[in-house]
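The lines below spell out each chain.
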Amino acid sequence: MAVARLAPRPGFLSRATSAAWDISSRRPAVPCLSIRVTRSPFSTSSPLSCASHKSTTAQPPSNANANSNTAAKTDSASSSTDRYASCMKLNQEWAAQTARDHPDLFPTLATGQKPQILWIGCSDSRCPETTLLGMQPGDVFVHRNIANVLHPGDLSSSAVIEYAVAHLGVNHVILCGHTACGGVAAALGNKQLGILDPWLLPLRQVRERNLALLESLSPQEAALKLVELNVREGLNVIKQKGAVLDAIEKRGLQVHGMIYDVGSGALRELNTEDSEEAIKARLSAFKTEA
Ligand SMILES: [Zn+2]
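All of these numbers come straight from a predicted model, not from anything done at the bench.

Let us look at the overall build of the protein. From N to C terminus, the protein includes 12 helices and five strands. Here the protein holds 290 residues, and the buried ones make up 21% of them. By sequence separation, contacts in the protein at least 24 residues apart represent 69% of the contacts at least 6 residues apart.

Below is the structure:
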């Protein structure tokens, strides 16, 4: 049985989506407290989510409100515990259901992997690549980091790309940015972010090179444009790697740039076709021999 495939499997996406809705519907099992918090530089959504509650331990409670704050802490802790317990239970249900629907899947996966796709995307919780592609374990090899930034000398992403292309023999590399990306929002701001500053440096460099364009757009349009420019920048990094150039030349590896809309679930592929002149220059500069 071929484990890896490109086409979404019939019925899988609908099951996955409904499972996600089940998870969402269980989120308010322990009600969120309406505590107003200051939005972080990464904030791209409502500041009143469960995950963004201000810690009640930051300031010792006064005697007058100690009981209510203690209740809030207990509430928050139990909410976290419940989410973990739900995940473990959902995993058991998912494993059993998947084994019933696809009896060969887990025994086949236990013997190895042969994914056709390498996905490079953002770590954002709203962008789970295998789910949004409607695929299954074994279908997608993955590298994700904050804002899907590709530093040319980064060992982690470089090793993933090398292994996927040269050893697993994937046929497609997808670099995907997404709407409402917190990393992109941070790079469009000017707050100091500690270790995140060097990580987001390539995004700020893209911002610098495209400053006039970005400043001519509305904040929302500028954020989406920087998402796109970041994907195009990352594609250049991918196509400068010897293993990728070899695979393109010898077996037709395809490299795609995409943007995922977290508000609709839709993927959009960018036109990233290179000119003959650009391809020739890239090969001259980066093609190496063993
Ligand atoms: Zn992101």
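Bringing the packing of helix H8 (residues 201–209) against helix H10 (residues 219–239) into the picture now. The geometry of H8 relative to H10 is characterised by a closest axis approach of 10 Å and an angle of 110° between their N-to-C directions. Relative to H10, the element H8 lies roughly perpendicular. Handedness of the crossing formed by H8 with H10: right-handed. Along its contact with H8, which presents Pro202, Leu203, Val206 and Arg207, the element H10 presents Leu226, Leu229, Asn230 and Glu233. Classifying every residue of the contact of H8 with H10 gives five nonpolar, one polar and two charged.

A few words on the UniProt feature "binding site: Zn(2+)" (unreviewed entry) in the protein. UniProt records the feature "binding site: Zn(2+)" (unreviewed entry) at Cys122, Asp124, His178 and Cys181, using the numbering of this structure. A maximum C-alpha distance of 8.9 Å is found for the annotated residues, which run over 60 residues; spatially they form one tight group. Along the chain, the position of Cys122 falls in strand E1 (residues 117–122). A count of 25 C-beta atoms within 10 Å places Cys122 in the buried class.

Ordered in space as E2-E1-E3-E4-E5, the five strands form an open sheet in which the pairing is mixed. This sheet does not close on itself; its edge strands, each paired only once, are strand E2 (140–145) and strand E5 (267–269). On average, each strand axis in the sheet is inclined to that of its neighbour by 25°, with strand direction left out of account.

Counting through the fold element by element, Gln116 comes out in the loop between helix H3 (105–109) and E1. Residues Gln116 and Gly138, 22 residues apart in the sequence, show an inter-C-alpha distance of 9.0 Å.

What follows is about the confidence of the model for the protein. Summary statistics for the protein give a mean pLDDT of 81 and a share of 72% for residues scoring 70 or more. Confidence over residues 1–39 falls short of pLDDT 50; this stretch has 46 contacts with residues more than four positions distant or in other chains. Scored below 50 in pLDDT, residues 45–68 shows 22 contacts in the model against residues more than four places distant or in partner chains.

Turning to the environment of Lys225, a few remarks are in order. Relative to the elements of secondary structure, Lys225 occurs in helix H10. Residues Lys225 and Asn210, 15 residues apart in the sequence, show an inter-C-alpha distance of 9.8 Å. Not counting chain neighbours up to four residues away, the residues in contact with Lys225 comprise Leu213, Leu214 and Leu217.

If you look at the biggest cluster of nonpolar residues, it comprises 41 residues, and the most contacted ones within it are Leu118, Leu175, Val184, Leu203 and Ile238. Within the residue set of this core, elements represented by two or more residues are E1, E2, helix H5 (155–168), strand E3 (172–178), helix H6 (182–187), H8, H10 and helix H11 (242–251). Considering every element that reaches this core, the biggest residue donor is H10, with seven residues. Not counting the four nearest positions on each side in its chain, Ile238 is found in contact with Leu150, Ile161, Val173, Leu175, Val244 and Val255.

Moving on to unusual backbone geometry. At Asn148, a position not held by glycine, the phi torsion is positive, near 40°. Here Asn148 is to be found in the loop between E2 and H5. We note that Ala180 has phi near 55°; this positive angle belongs to a residue other than glycine.

Our next topic: H5. The terminal C-alpha atoms of H5, which comprises 14 residues, lie 18 Å apart, in line with the 20 Å expected from a rise of 1.5 Å per residue. For H5, the set of buried residues is Ser157, Ile161, Ala164 and Val165. Down the axis of H5, the buried set is contained in an arc of 85°. They therefore lie on one face. Turned more than 90 degrees away from the buried face of H5, the exposed residues are Leu155, Ser156, Ala159 and His167.

What follows deals with the pairing of E1. Within E1, six of the six residues are buried, leaving the element largely enclosed by the surrounding structure. Two strands pair when backbone bridges link them, and E1 and E2 are joined in this way by six bridges, in the parallel orientation. In the sheet register, Ile117 faces E2, and the bridge partner there is Val140.

Conventions adopted
- Note that residues are indexed from 1 along each chain, following the sequence as it is written.
- Per-residue local features of the predicted model are confined to residues with pLDDT of at least 70, and side-chain atom pairs are confined, for both listing and counting, to 80 or more; whole-chain, interface and lining totals are unaffected and use all residues.
- Strands here are runs of E lasting at least two residues and helices are runs of H or I lasting at least four, both read from the DSSP assignment and numbered beginning at the N terminus.
- Counting other C-beta atoms within 10 Å of each residue's C-beta, where C-beta atoms are placed from the backbone, gives the exposure class: buried for 20 or more, exposed for 12 or fewer, partly exposed between.
- For every residue pair, C-beta atoms are placed from the backbone, and the pair is scored as a contact if these atoms sit within 7 Å.
- Geometry is summarised by axes, namely lines fitted to C-alpha atoms with helices restricted to the contacting stretch, and by angles between N-to-C directions that run from 0 to 180 degrees.
- Angles below 35 degrees are treated as roughly parallel, those above 145 as roughly antiparallel, those between 65 and 115 as roughly perpendicular, and all remaining angles as oblique.
- Crossing handedness is read from the near helix: turned anticlockwise from the far helix by less than a right angle, it gives a left-handed crossing, and turned clockwise, a right-handed one.
- Following the grouping adopted for this structure description, the nonpolar residues are Ala, Val, Leu, Ile, Met, Phe, Trp, Tyr, Cys and Pro, the charged ones are Asp, Glu, Lys and Arg, and the polar ones are all others, Gly among them.
- UniProt positions are given in the numbering used here, feature names are shortened, and annotations may be inferred rather than shown by experiment.
- Each pair of strands is called paired provided DSSP finds at least two bridges between the two strands.
- By definition, pLDDT measures how confident the predictor is in each residue, and it falls between 0 and 100.
- In this description, a nonpolar core means buried residues of the types Ala, Val, Leu, Ile, Met, Phe, Trp, Tyr and Cys, linked to one another by C-beta atoms lying within 7 Å.
- Multiply 1.5 Å by the residue count of a helix minus one, and that product is the helix's expected span.
- Note that the arc is defined by the directions from the helix axis to the C-beta atoms.

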